[in-house]
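# Examining the three-dimensional arrangement
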Amino acid sequence: MKSGLNIIFVAFALLILSSCSTTRVLKEDQYRLQKNRIEITNDQKFNPSQLNKYLKQNESLGWSPFLYVYNWSNGKNGPWDRFVRRIGKAPVIYNPELVETSVENIENHLEYIGYYGSKVNAEVLTSGKKVNVKYNVTLGKRFPIMDINFHLPERGEFREAFLADTCNMGIRRGDFLAESTLETETVRSSGILRNQGFYDFSKNNYFFEADTLSVPGFAILDLTINEYTRNESPKEAEPIRRFYINDVTVSYPEDLSIKENILLNLNTIVPGDLYDEDAVNNTYSRLSALDVFSSVNIGMDKADTNKVNCAINLIPSKLQGVKFDLELSTNSSGLFGISPQFSYFHKNIFHGGEWLNLSFMGNHQFRFHDNVRSNELGGSVSLSLPRFFPLPYRLFDQDIPRTDISVSYNYQNRPEYQRNMISTSYGYNGNIHRKYFYQIYPLQMNIIRLFDMDKDFYNTLANDPFLRNAYQDHFDLGSGATFYYTTNTANIPDETYFYSRMQFDIAGNMLSAFNSLMREDENGSRVIWNTPYSQYVRGELTLGKTWVWGKRMGHSLATRFIAGAGYAYGNSTALPFEKHFYGGGSNSLRGWQTRTVGPGTSQMDKSFIIPNQTGDMKLEANIEYRFDIAWKFAGAVFVDAGNIWMLEHKGVKEMESSIFRWKNLGDSIAANWGLGLRLDFGIILLRIDMGMKFHDPALEHKWIGPDGWLKRDNYAVHFGVGYPF
């Protein structure tokens, strides 16, 4: 009965919305632009979507309930009208003048990319108060380049340098003539020549003339390089000559305490060297990467007929700061989680661009009217040096990797046990072209001690070989690396982007070479300081892509896929529990709280009073549609799916429901859908997500219908900072 009422209510609400007009607020002579469509009439291979950006008036993409809300206005300026206009979405009012401008824009762009004489006809279709505009595009003629003739200055060294690079030209015989191609080539070619000392040479020294009449259907291209630019006259011509660096000065405020040798080592612009634009760009990139300066300005001025002076002006940034993050979560079973994190940073602690970071974190899980509690506290200190220690700076042409040293301590007090973990690492991080990022740690070490173990939990470990080996004191010495690639490095990109991340850890192999020097414990494991050392390999791959579109980039579709697995061998029969995978939480399967899903189709492990479900491998996929609502509010609709599993272990037959099997993959996938609300202040984004399960692998009847979404154990609410992915 209840589910029937829910369906009736939803249907009624949709009926109300759909019956409302989207043109109610329009004046008598106004029309709503409902849709634009571009159709290519004479070339099916040409993708018309590439012309959308040249339309001066875009329709509201997609169905939006807020368009209906806006039309609830009474056409006045009372409180109600101001309210619905603020939270609603105004219709796009059709403007015929912008259609004419759009036609002109498309024709100009087509000529720019090599379609000469293209015609665009706008067809306006009106239905009531709504307008659809169809742009019929007839592509113009294209001219293959039959021959290219060069006309170059005779005096000086320029002619020889230019001809040596012609084999790399982006314009070749047989290519179609297009201003866009010519523009791209002038940028490439002039950049190459500036790297060879031709300081004041630019794309404006290039002149093109195309003959399309001598040979019908083809173009003969004349490329001329003059000793004056397009903005100058022949009277101002000067020889195109090579320049050398004269004086280099570095200036910054007197109150900034920084070691000058650091700045000198990062600078690649050297007096006496031939001018090289790459050296200028590398110096800018290296000084910016120091993250001590908010502005790095490198100016060049001619000092002589063949010399330039370089002035580097540095403006400091804020060198110290604090950051506070807080995540909250709850589910229908009444389990609450609070995770605060506080950090302090200093970007110039020893006056040489060294970064110091102090971080403190906590996690508290509890139920009201229940004595069960779980507490976790941790602290870390890290120091990052602006060099690849101990190698010299001169070995690196571009950005210099940083050397990272960190030490951390973590304490966990659960109903089943208490745990201490001390960790340290030494490694390097850097990037290539600001798109490829890496962290390589030749040394990673963890020392884990467990104590005050609950008697019942201890007995469970005694009967479970897998848990016994996962939850024991251990010593972890190994190496690790993370590789990350992205097409956009902004904190919140405003355009479509892709990213990938690969993490890899390996431990115990170096220690295994000394097994003969170590004693064995009662389980046959080699021990150091009376503690077995861990031996395993672990990897995790993350792939993500977010599509961004719409007016003011108000719509996006974010996707993510995660696959990870770890395998213990040699001196270990199970991964250390801190290396296990888990699912659920504000950044994972949002229908579950952290560590409450899986492994596989198994039931919740009652050995843990507060859930701690973990596994040897993980698969997860997420998709989230994000949209603007009003003011700084945005919404989201999402679907999460995935789980964790155990890899097969000899002699542990009772774990069959937890083990990954291809034949049972469908049944073991956990899935939820949900709704989210975001408050975006630009520098920080606050969010609340409510995830509702629709496929729970732990249940006998795994599919959950709408009438069960809000029942106990079938939903979870998460509060967080920043996007989940």
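The structure under discussion appears in the preceding block.
To start, this report covers the structure provided alongside it. (Residues numbered from 1 in each chain as written. Predicted model: local features only at pLDDT ≥ 70, side-chain atom pairs only at ≥ 80, totals over all residues. Heavy atoms only, no water.)

### Some words on the packing of aromatic side chains
For the structure on display, the rule yields 29 aromatic pairs. Each member of the aromatic cluster is reached from another via a ring pair, and the members are Phe 150, Phe 158, Phe 162, Phe 198, Phe 201 and Tyr 206. When the ring centre of Tyr 31 is taken as origin, the NZ or CZ atom of Lys 129, which lies over that ring, is 5.3 Å away. One cation-aromatic arrangement involves Arg 626 over Tyr 723; the distance from NZ or CZ to the ring centre is 4.1 Å. (Phe/Tyr/Trp six-rings, centres within 6.5 Å; stacked < 30°, edge-to-face > 60°. Lys NZ or Arg CZ within 6 Å of the ring centre and 35° of its normal.)

### Notes on the sheet that holds strand β6 (residues 219-225)
Here we have three strands laid out as an open sheet, ordered β4-β6-β5, and mixed in their pairing. Sheet topology places β4 (145-151) and β5 (206-211) at the edges, where each strand pairs with a single neighbour. Adjacent strand axes in the sheet meet at a mean angle of 20 degrees, parallel and antiparallel pairs treated alike. Note that β4 and β6 share six bridges and pair parallel. Within β6, the position partnered with Asn 149 by the bridge is Asp 222. On top of the sheet, helix α6 (residues 179-194) reaches β5 and β6; it is set at about 145 degrees to β5, its chief contact. (Pairing = 2+ DSSP bridges. Helix = DSSP H or I, 4+ residues; strand = E, 2+ residues; numbered from the N terminus. Axes fitted to C-alpha atoms, helices over the stretch in contact; angles between N-to-C directions. Contact = heavy atoms within 4.5 Å.)

### Quick notes on the pattern of salt bridges
All told, the structure shown has 29 salt bridges when counted by the stated rule. Between Arg 159 and Glu 154 there is a salt bridge, with the nearest N and O atoms lying 3.5 Å from each other. Classification of Glu 154 by relative accessible area gives exposed; the value is 64%. Across the salt bridge formed by Arg 661 and Glu 656, the nearest N and O atoms sit 3.1 Å from each other. For Arg 661, a relative accessible area of 21% translates into the label partly exposed. (Salt bridge = Lys/Arg side-chain N within 4 Å of Asp/Glu carboxyl O. Buried < 20%, exposed > 50% of the residue type's maximum accessible area, 1.4 Å probe, protein only.)

### Notes on the nonpolar core
Formed by 25 residues in total, the largest nonpolar core has its most connected members in Tyr 275, Leu 290, Phe 293, Ile 298 and Met 300. Counting residues per element, the ones that place at least two in this core are α7 (260-266), α8 (277-289), β8 (293-304) and β9 (307-316). In contact with Tyr 275, not counting residues within four places along its chain, are Arg 194, Asn 195, Gln 196, Gly 197, Tyr 199, Phe 243, Tyr 244, Ile 245, Val 280, Met 300 and Val 308. (Core = buried A, V, L, I, M, F, W, Y, C linked by side-chain atoms within 4.5 Å.)

### So, unusual backbone geometry
The peptide bond linking Phe 389 to Pro 390 adopts the cis configuration, its omega dihedral lying at 5 degrees. Positionally, Pro 390 belongs in the loop between β13 (373-385) and β14 (402-413). Residues Gly 598 and Pro 599 are joined by a peptide bond in cis, for which omega reads -5 degrees. Structurally, Pro 599 is set in the loop between β22 (555-568) and β23 (617-630). Although it is not a glycine, His 351 adopts a positive phi angle of roughly 65 degrees. Within the secondary structure, His 351 sits in the loop between β11 (335-346) and β12 (355-367).

### Regarding the sheet that holds β8
Read across the sheet, three strands follow the order β7-β9-β8 without closing on themselves; strand pairing throughout is mixed. In this open sheet, the two strands that pair with only one neighbour each are β7 (244-251) and β8. Direction aside, neighbouring strands of the sheet carry axes that sit 20 degrees apart on average. Taken together, the six bridges between β7 and β9 define a ladder with parallel strand orientation. Bridging from a neighbouring strand, Val 248 pairs with Cys 310 of β9.

### Digging into the pairing of strand β2 (residues 119-127)
Across nine bridges, the pairing between β2 and strand β3 (residues 130-138) is antiparallel. Looking across to β3, one finds that Val 120 is bridged to Val 137. Connecting β2 to the next strand, β3, in antiparallel fashion are two residues, including Gly 128 with a positive phi near 65 degrees.

### Topic: the side chain of Asn 136
Relative to the helices and strands, Asn 136 resides in strand β3. Setting aside chain neighbours within four positions, we find Asn 136 in contact with Glu 39, Thr 41, Lys 119, Val 120, Asn 121 and Glu 123.

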